[in-house]
Amino acid sequence: TQGMSTGLASLGRTFSPALTALRALRDEALRQFQKNPDEKGVAFEIAILNERLGEGRLTVALHDALPPDSSSSLRQSFSSIAYDAFVEARRYREALLGKSYGNMLNELENDLRNLGENKVVQTQARDFLLRRNATNIEVLAGAGRIEEARAFAEKLLAIDSSPSTRALIQQNMERAGHP
């Protein structure tokens, strides 16, 4: 379903019935999940479909509706898949549940290895790397992990210490409530 949902989401940008089909898949998965909320595979599918539809906030709502005794792995899956939606809602602890500090560091290292030689691609990849990792700094700071946020900011500034990168980090720190 994951590969198909990505293809349908791409197709949906130019052919709206594809988005309708994707929503129908998600809605059917939701009905299945409501019948059997212990079915982790269906919950994962719902979260992926919501992400492909650009409706991560629905996964956040589903996360919030989970019973208190629901599995932590299910909460972690929702937090991981809907990471951006949790960040947008400034729910940093839940976002951090989906992407740990160690995962953030690994992601940064992978991004650096994948910059490539093509200057146009390299510029786009570098911009993406800076934005994504400034968001990670925001999550760490917002979750109260200030020392890790500072250490991560230092790593990012070692890659690019330009005024625009400093401003981006500052903006994300302020958004997290840590100017």
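About the criteria used
- Residues numbered from 1 in each chain as written.
- Predicted model: local features only at pLDDT ≥ 70, side-chain atom pairs only at ≥ 80, totals over all residues.
- Heavy atoms only, no water.
- Buried < 20%, exposed > 50% of the residue type's maximum accessible area, 1.4 Å probe, protein only.
- Helix = DSSP H or I, 4+ residues; strand = E, 2+ residues; numbered from the N terminus.
- Arc of directions from axis to C-beta.
- Contact = heavy atoms within 4.5 Å.
- Phe/Tyr/Trp six-rings, centres within 6.5 Å; stacked < 30°, edge-to-face > 60°.
- Lys NZ or Arg CZ within 6 Å of the ring centre and 35° of its normal.
- 1 Å grid on protein atoms, 1.4 Å probe; cavity = no way out; pocket = protein on both sides within 12 Å on 5 of 7 lines; lining within 4 Å.
- Points joined across faces, edges and corners; volume = space filled by probe spheres on them.
- Nonpolar A, V, L, I, M, F, W, Y, C, P; charged D, E, K, R; others polar.

Let's shift gears to helix α4 (residues 56–65). Taken together, the buried positions of α4 are Gly56, Thr59, Val60, Leu62 and His63. Around the axis of α4, the buried residues are gathered within 160 degrees of arc, so they sit on the same side. Seen from the buried face of α4, the exposed residues on the opposite side, beyond 90 degrees, are Arg57 and Ala65. Among the structural elements, α2 (16–35), α3 (40–52), α5 (72–81), α6 (83–88) and α7 (92–98) are those in contact with the buried residues of α4.

Tallied over the full model, the rule gives one aromatic pair. Ring centres of Tyr101 and Phe152 lie 6.2 Å apart, and the angle between their planes is 65 degrees; on these two criteria the pair is classed as edge-to-face. Taken together, the residues Tyr101 in helix α8 (residues 101–113) and Phe152 in helix α10 (residues 146–159) connect sequence positions 51 residues apart. There is no split in this pair, since Tyr101 and Phe152 are both buried. Seen from the ring of Tyr83, Lys99 lies directly overhead, with NZ or CZ sitting 4.1 Å from the centre.

Before going further, it helps to spend a moment on the layout of surface pockets. Empty space among the atoms becomes apparent when a probe as large as a water molecule is rolled across them. Each pocket or cavity is described by its volume, and for the largest pocket that value is around 250 Å³. Lining the largest pocket, in full, are Ser80, Tyr83, Asp84, Val87, Glu88, Gly98, Lys99, Phe128, Arg132, Thr135 and Asn136. Where the lining of the largest pocket is concerned, the elements lending two or more residues are α6 and α9 (119–142). In terms of residue class, the lining of the largest pocket is built from three nonpolar, four polar and four charged. There is about 210 Å³ of room inside the second largest pocket. Every residue lining the second largest pocket is listed: Asn50, Glu51, Gly54, Glu55, Gly56, Ser80, Ile81, Ala82, Tyr83, Asp84 and Ala85. At the level of secondary structure, the elements contributing two or more residues to the lining of the second largest pocket comprise α3, α5 and α6. In terms of residues, the lining of the second largest pocket owes the most to one element, α6, which gives three residues. A per-class count over the lining of the second largest pocket returns four nonpolar, four polar and three charged.

By themselves, these are just geometric observations and shouldn't be taken as functional.
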